[in-house]
Amino acid sequence: MSHGTETKDFIPVRIAVLTVSDTRTLAEDRSGQTLVDRIEAAGHVIAARAILPDERDQIAAQLRDWCADPGVDVVISTGGTGLTGRDVTVEAHRDVYEKEIEAFATVFTIVSMQKIGTSAVQSRATGGVANGTYLFALPGSPGACKDAWDEILVHQFDYRHRPCNFVEIFPRLDEHRRRK
């Protein structure tokens with residue numbers, strides 16, 4: 001199985017970054033900045049960036065707004081994926097998903113196990129699709145953002161990645177809406 005990137009041209013993806021935190025400001029947002037830096041270094045475009053408190057309705061509304069925006073292909077959130085009462089990002093994402101990408105959580109757990117051992121069970125990272133837009137919820141640590149991007153998402157958002165990638169199926173994500 002080839003994982004090469006030699007036969008196709010790179011296609012930049014437009015990615016919105018959402019930090020979920022009751023306390024962080026843009027200046028203190030190390031996790032969001034970690035994602036922004038990596039996304040831009042990979043050749044993609046930051047379509048939008050926001051910080052919201054751990055409020056399910058606000059998070060879901062922002063996700064829906066970005067999913068409705070033709071200038072946003074992907075939304076990556078960081079924070080609010082843990083087990084405490086204020087951690088509601090996963091629930092907000094699932095309120096929006098049309099389809100969940102179950103394997104993302106599994107692969108993220110495998111990657112995390114290599115870095116933090118059994119503490120990986122405390123993460124509820126998730127991924128899904130809504131309105132032709134990919135959505136991913138990552139834990140709120142810079143390390144988790146780095147691991148998710150470097151080990152999973154950078155490859156899946158590279159059109160040249162083989163044997164398959166998320167970019168090549170963009171045109172078909174909302175095909176059910178076009179059926180007669």
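Scroll up a little and you will see the structure.
Notes on the structure follow. (Residues numbered from 1 in each chain as written. Predicted model: local features only at pLDDT ≥ 70, side-chain atom pairs only at ≥ 80, totals over all residues. Heavy atoms only, no water.)

**Looking at the packing of helix 4 (residues 102–116) against helix 5 (residues 142–156)**
Where helix 4 meets helix 5, the axes come as close as 10 Å, and the angle between the chain directions of the two elements is 120°. Read as a crossing pair, helix 4 and helix 5 show a hand that is right-handed. Residue-level inspection shows Phe104, Val107, Phe108, Val111 and Lys115 of helix 4 in contact with helix 5, the latter providing Ala144, Lys146, Asp147, Ala148, Glu151, Ile152 and Leu153. By residue class, the composition of the contact of helix 4 with helix 5 is eight nonpolar, no polar and four charged. (Axes fitted to C-alpha atoms, helices over the stretch in contact; angles between N-to-C directions. Helix = DSSP H or I, 4+ residues; strand = E, 2+ residues; numbered from the N terminus. Left-handed = near helix turned anticlockwise from the far one by under 90°. Contact = heavy atoms within 4.5 Å. Nonpolar A, V, L, I, M, F, W, Y, C, P; charged D, E, K, R; others polar.)

**Observations concerning the nonpolar core**
Val74, Ile76, Tyr134, Phe136 and Phe157 are the most contacted members of the largest nonpolar core, which totals 28 residues. Elements that contribute at least two residues to this core include exactly strand 1 (14–20), helix 1 (30–41), strand 3 (74–78), helix 4, strand 6 (133–138) and helix 5. Sequence-distant contacts of Val74, that is, excluding residues within four places in its chain, are made with Val13, Arg14, Ile15, Ala16, Thr133, Tyr134, Phe136, Phe157 and Phe170. (Core = buried A, V, L, I, M, F, W, Y, C linked by side-chain atoms within 4.5 Å. Buried < 20%, exposed > 50% of the residue type's maximum accessible area, 1.4 Å probe, protein only.)

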